[in-house]
Amino acid sequence: MILQETYTLANGIAIPKLGLGTWFIDNNKAAQAVRTAAELGYRLIDTAQAYGNERGVGEGIRTCGLKREELFVASKVAAEHKTYEDAARSIDETLEKMGLTYLDQMLIHSPQPWREFRAEKRYFQENRAVWRALEDAQAAGKVRVIGVSNFLRDDLENLLTGCRVRPAVNQLLLHIAGTGLPLLDYCTQQDIRVEAYSPIAHGEALKNPAITAMAEKYGVSVPQLCIRYVLQLGAVALPKTADPGHMRSNAAVDFAISPEDMETLRSMEHLTDYGDYNGFPVFSGKPLA
């Protein structure tokens, strides 16, 4: 069963292959979503300071009936925190909000503040300072795994040239008809595990006739095909939902996409319209890979 399968990160820590994303799950609904996911077998729970639901997610972690060490809890330093002091303080605030003594994973949410996402200023020096805060938090036992999100190759190279601890993961927008193969390959070469957020393209994959036809070929739903696709790319899949039925369905991906069909899906023309979500930086058409 996929919920029991893990990848081993470069630092030797195991991370579940499939987790629960919590973006857009309200704080007052997050605890129940986490409890439901844990009951169904999910062990990776992903949130972020920017989601505004860390307190609810933390409540769910504490009240789900599982031992803390059985769960892999992940959050992200807000994109706007670009000093050592702000990042370090925010990590402590996340732990306080969630009522936890440590996080399994903490990421830099974006190489630039969202209002400047993929703008000319690259924040290289600032990201090095934030990275030092993550390294120190890891050394202090506050965080087990540190990494980044939405980082391009040169953003990664900026950290790799002067870090004490190499990024273990890079969380990216990754889905069928949205696969940045050069960045994916670079992360693989650097032993940086990719985590795929919005593997169903925030629902837009459901509207794609070619993806629908491929799902029908395998007798699965479009979300199941999308999740299986990113898993076969070697990425962690983080579909977000608060719906118990969707949680169950998302985990029913014990099938294999053939190499030929994987190649078809990899080379599919990229989505250019994310509907109502085009206003978000990560869906805005700016380069993600």
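Overview of the structure. Each chain has its residues counted from 1, running along the sequence as written. Note on the predicted model: pLDDT of at least 70 is required for a residue's local features to be given, and 80 or more for side-chain atom pairs to be given and counted; whole-chain, interface and lining totals, by contrast, use all residues. Where side-chain values are given, they derive from all heavy atoms of the structure, hydrogens and water being excluded.

### Description of the side chain of Ser75
Within the element layout of this structure, Ser75 appears in strand β5 (residues 72-77). At a separation of 2.6 Å, a polar atom in the side chain of Ser75 contacts the side chain of Glu54. In what follows, a contact means two residues having at least one pair of non-hydrogen atoms within 4.5 Å. Ignoring sequence-local partners within four residues, the contact set of Ser75 consists of Thr47, Ala48, Gln49, Glu54, Thr94, Leu103, Gln105, Met106 and Leu107. A run of H or I in DSSP counts as a helix once it spans at least four residues, and a run of E counts as a strand once it spans at least two, with each numbered from the N terminus. Any pair of nitrogen or oxygen atoms within 3.5 Å is treated as a polar contact; in protein, a donor-acceptor pairing is required on top of that, and neighbouring residues in sequence qualify only through side-chain atoms on both sides.

### Description of helix α6 (residues 181-189)
Each residue is placed in one exposure class: buried if its accessible area under a 1.4 Å probe, protein chains only, is under 20% of its type's maximum, exposed if it is over 50%, and partly exposed if it falls in between. All of the buried residues in α6 are Leu183, Leu184, Tyr186 and Cys187. The arc that holds the buried residues of α6, viewed along the axis, is 160 degrees, so those residues lie on one side. Exposed side chains of α6 directed beyond 90 degrees from the buried face belong to Pro182, Thr188 and Gln189. For α6, the secondary structure elements touched by its buried residues are α5 (153-160), β8 (169-173) and β9 (193-197). Residue Asp191 follows α6 closely and has a positive phi angle near 60 degrees. What the arc measures is the spread of directions leading from the helix axis to the C-beta atoms.

### Some thoughts on the sheet that holds strand β3 (residues 20-21)
The strands making up a sheet associate through hydrogen bonds between their backbones, and the pairing can be parallel or antiparallel. Two strands make a pair as long as DSSP finds a minimum of two bridges between them. Ordered by their spatial adjacency, eight strands build an open sheet running β3-β4-β5-β6-β7-β8-β9-β10, and the pairing between neighbours is parallel. The two strands at the open ends of the sheet, each matched to only one other strand, are β3 and β10 (236-238). Inspection of the sheet shows strand β6 (residues 103-108) paired to strand β7 (residues 143-149) by five bridges, in the parallel sense. Bridging from a neighbouring strand, Leu107 pairs with Gly147 of β7.

### Concerning the environment of Lys67
Inspection of the secondary structure assignment puts Lys67 in the loop between α2 (54-63) and β5. In the structure, Lys67 is positioned 55 residues away from Arg122 in sequence and 41 Å away in space, judged by C-alpha atoms.

### Quick look at the packing of aromatic side chains
Given two aromatic rings, their pairing is described by the distance between the two centres and the angle made by the two planes. By convention, a stacked pair of Phe, Tyr or Trp rings (six-membered ring in the case of Trp) has centres within 6.5 Å and planes under 30 degrees apart, an edge-to-face pair has planes over 60 apart, and any other such pair is tilted. In the structure shown here, the tally under the stated rule is seven aromatic pairs. Seen in terms of ring centroids, Trp23 and Phe280 are 5.4 Å apart; in terms of plane orientation they differ by 80 degrees. Their pairing is edge-to-face. Here Trp23, found in the loop between β3 and α1 (27-40), pairs with Phe280, found in the segment after α10 (259-266); they are 257 residues apart in sequence, far enough to count as distant. Note on Trp23: relative accessible area 18%, which makes it buried. According to the relative accessible area criterion, Phe280 is partly exposed, its value standing at 28%. Where Tyr277 meets Phe280, the ring centres are 5.8 Å apart and the plane angle is 25 degrees; that geometry is what we call stacked. Its relative accessible area of 26% is what places Tyr277 among the partly exposed residues. Here a set of aromatic residues connected by ring pairs shows up, and it is made of Trp23, Phe24, Tyr277 and Phe280. For a Lys NZ or an Arg CZ to count as sitting over a ring, it must be within 6 Å of the ring centre and within 35 degrees of the ring normal. Just above the ring of Tyr102 sits the side chain of Arg68; from NZ or CZ to the centre is 4.1 Å.

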